[in-house]
Structure formats: C-alpha cells, structure tokens
Amino acid sequence: MKGDKLDSLYDSDASLKIFDTRTREEFEISRLPGAVWIGDGDTIPPHNPDDSVPVVVYCSIGYRSGLAGERLLDSGYSEVYNLEGGIFHWVNAGKKLMNSHGAPTDTIHGYSPLWGSWINQGVVVYE
C-alpha cells in the first residue's frame, strides 16, 4: 500500500474514492467530505478492474485503515493510499469535516480519551 495522499485530498478537483474505516458511530459524528463508510474492511466495496481511480482509506490515526487498505489490495484494488495520521491529522491541519447530514462540523469522535488527547482542533466527543 502506498503512503499519504493528503495533498490530493486538499485539491477539490482530485478524483479519488475515500473510504472511512472507523466504526459506524465514529463515522456518524464526522467524516472527510465525500467519504464512504466501509468499516474495518471486512465488507469490501465492489471493484471494477477497469476503474483506475485511486482509493484513500483513513481511520483515526492510520492503523485500522492500514489493515483495511491491505484487504482492498488483496481484493483487486490497485492504487490504495493510507491517509497517514488519519482524521486526527486532517482536523489538526484545519481541514473541513462533514456531519451525517452533509453539513460542515467541527465535532470529531476521539475514539477514546487516550487517543482523543492527540486532537488539538475542534470539539472532541466519545459517544
């Protein structure tokens, strides 16, 4: 799996598929714009071999998305990137998050109080 594709995500013209590998609860609080929830990657989204659009996976910090990204590669996806630092790095960089209604939000699920301590932007929640 390839490394960070963060710069392309900043570019609104980028053609990417963005997969969120966090829990459904985390995803419902906030997500990257355009992200689709796939959870831990046990349920792999259908892949068209002719589709050459790069895929970016993310979670809170990058561990869960790394595992899911490997599953995507094993299932036939050819260009998979793990967003290094995950959504925590994204929000700390001041980038936009969306809520479950598609509206901008500054709320982010911190996963746990230990991991949530790494977030220095926005409003951290755990439920």
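Residues numbered from 1 in each chain as written. Predicted model: local features only at pLDDT ≥ 70, side-chain atom pairs only at ≥ 80, totals over all residues. Heavy atoms only, no water.

With that settled, the discussion passes to the overall build of the protein. Scanning the protein for helices and strands turns up five helices and eight strands. Each helix (α) and strand (β) of the protein, taken in turn from the N terminus, gives the series α-β-α-β-β-α-β-α-β-β-β-α-β. Expressed as a percentage of the 127 residues in the protein, the buried residues total 42%. Counting contacts in the protein only where the partners sit at least 6 residues apart, residues at least 24 apart contribute 62% of the total. Here the protein displays about 6,600 Å² of accessible surface, and carbon together with sulfur accounts for 51% of that area. (Helix = DSSP H or I, 4+ residues; strand = E, 2+ residues; numbered from the N terminus. Buried < 20%, exposed > 50% of the residue type's maximum accessible area, 1.4 Å probe, protein only. Contact = heavy atoms within 4.5 Å. Areas by Shrake-Rupley, 256 points an atom, 1.4 Å probe, with all protein chains shown as cover.)

Relative to the helices and strands, Ile 18 is located in strand β1 (residues 17-20). Separated by 65 residues in sequence, Ile 18 and Leu 83 have C-alpha atoms that sit 9.7 Å apart.

Moving on to the nonpolar core. By size, the foremost hydrophobic cluster in this structure holds 16 residues, and its most contacted members are Leu 32, Tyr 58, Ile 87, Leu 97 and Ile 108. Contributions of two or more residues to this core are made by β3 (55-58) and α4 (86-92). Counting residues per element, this core draws most heavily on α4, at four residues. Not counting residues up to four positions away in its chain, the partners in contact with Ile 87 are Arg 22, Ser 30, Arg 31, Leu 32, Tyr 58, Cys 59, Ser 60, Leu 97 and Ile 108. Ile 38, Val 55, Leu 72 and Val 80 belong to the second-largest nonpolar core, a separate cluster that totals seven residues. (Core = buried A, V, L, I, M, F, W, Y, C linked by side-chain atoms within 4.5 Å.)

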